[in-house]
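Survey of secondary and tertiary structure
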Amino acid sequence: DDDGEVGVGAAAAAGSSVQGFPRRKDGTPALMTESFFRRLLSGEVELKVACQSDVSAAQSDLRHLSCEQLLAIRAQTVDFLTISDSHSAHCNFLSSVDGHLLEKLACRCLA
């Protein structure tokens, strides 16, 4: 099936692009929490078990991530739904992921 092969190729291409993080002009990381995102996107850590403080700290860096990176995070967490107060940081993080992802996808469609 050709569609399956295209999907696999697209997933492989996206997988290779999710580990590249933005840099400032002077070469320093644009993300304050790059190590958290590196672990999250590599599968070394799952969002649902990440410390609230790490998740909260990383939320402001979401705006710097690529569409592919945001989509990879969302794909890993599609089954993570909770209304528990103990996971409020995680819920806020995912809400921000969704907002940034929607904005970046809309910009791509309009470009």
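Located above this text is the structure these notes cover.
In this report, we go over the structure that sits alongside the text. (Residues numbered from 1 in each chain as written. Predicted model: local features only at pLDDT ≥ 70, side-chain atom pairs only at ≥ 80, totals over all residues. Heavy atoms only, no water.)

1. Let's talk about the packing of aromatic side chains
Under the definition given, this model contains three aromatic pairs. Considering the side-chain rings of Phe36 and Phe37, the 5.5 Å spacing of their centres and the 75° angle between planes classify their relative orientation as edge-to-face. Like Phe37, Phe36 is buried. The interplanar angle of 85° and the centroid separation of 6.4 Å between the aromatic rings of Phe36 and Phe93 together place this pair among those described as edge-to-face. With Phe36 in helix 2 (residues 34–42) and Phe93 in helix 5 (residues 88–110), this pair connects stretches of sequence that are 57 residues apart. Accessibility expressed as a relative area gives 0% for Phe93, which makes it buried. Connected via pairs of aromatic rings, a cluster forms that spans Phe36, Phe37 and Phe93. (Phe/Tyr/Trp six-rings, centres within 6.5 Å; stacked < 30°, edge-to-face > 60°. Buried < 20%, exposed > 50% of the residue type's maximum accessible area, 1.4 Å probe, protein only. Helix = DSSP H or I, 4+ residues; strand = E, 2+ residues; numbered from the N terminus.)

2. Notes on helix 2
Taken together, the buried positions of helix 2 are Glu34, Phe36, Phe37, Leu40 and Leu41. End-on view of helix 2: buried residues confined to an arc of 155°, all on one side of the axis. (Arc of directions from axis to C-beta.)

3. Quick notes on the nonpolar core
The nonpolar side chains of soluble globular proteins are, as a tendency, buried together. Ranked by size, the top nonpolar core spans 23 residues in total, and within it Phe36, Phe37, Leu40, Leu65, Ile73 and Phe93 carry the most contacts. Elements with a contribution of two residues or more to this core: helix 2, helix 3 (52–59), helix 4 (67–76) and helix 5. At five residues, the largest contribution of residues to this core is made by helix 5. With sequence-adjacent residues up to four places away left out, Phe93 is seen in contact with Phe36, Phe37, Leu40, Leu47, Val55, Ala58, Gln59, Leu62 and Ile73. (Core = buried A, V, L, I, M, F, W, Y, C linked by side-chain atoms within 4.5 Å. Contact = heavy atoms within 4.5 Å.)

4. Things to note about the side chain of His90
One can find His90 in helix 5. Among the polar contacts listed, one links the side chain of His90 to the backbone oxygen of Leu47, at a separation of 3.1 Å. With residues up to four places along the chain from it excluded, the contact list for His90 reads Leu47, Lys48, Ala50, Gln52, Val55 and Phe80. (Polar contact = N/O pair within 3.5 Å; in protein donor to acceptor, adjacent residues only side chain to side chain.)

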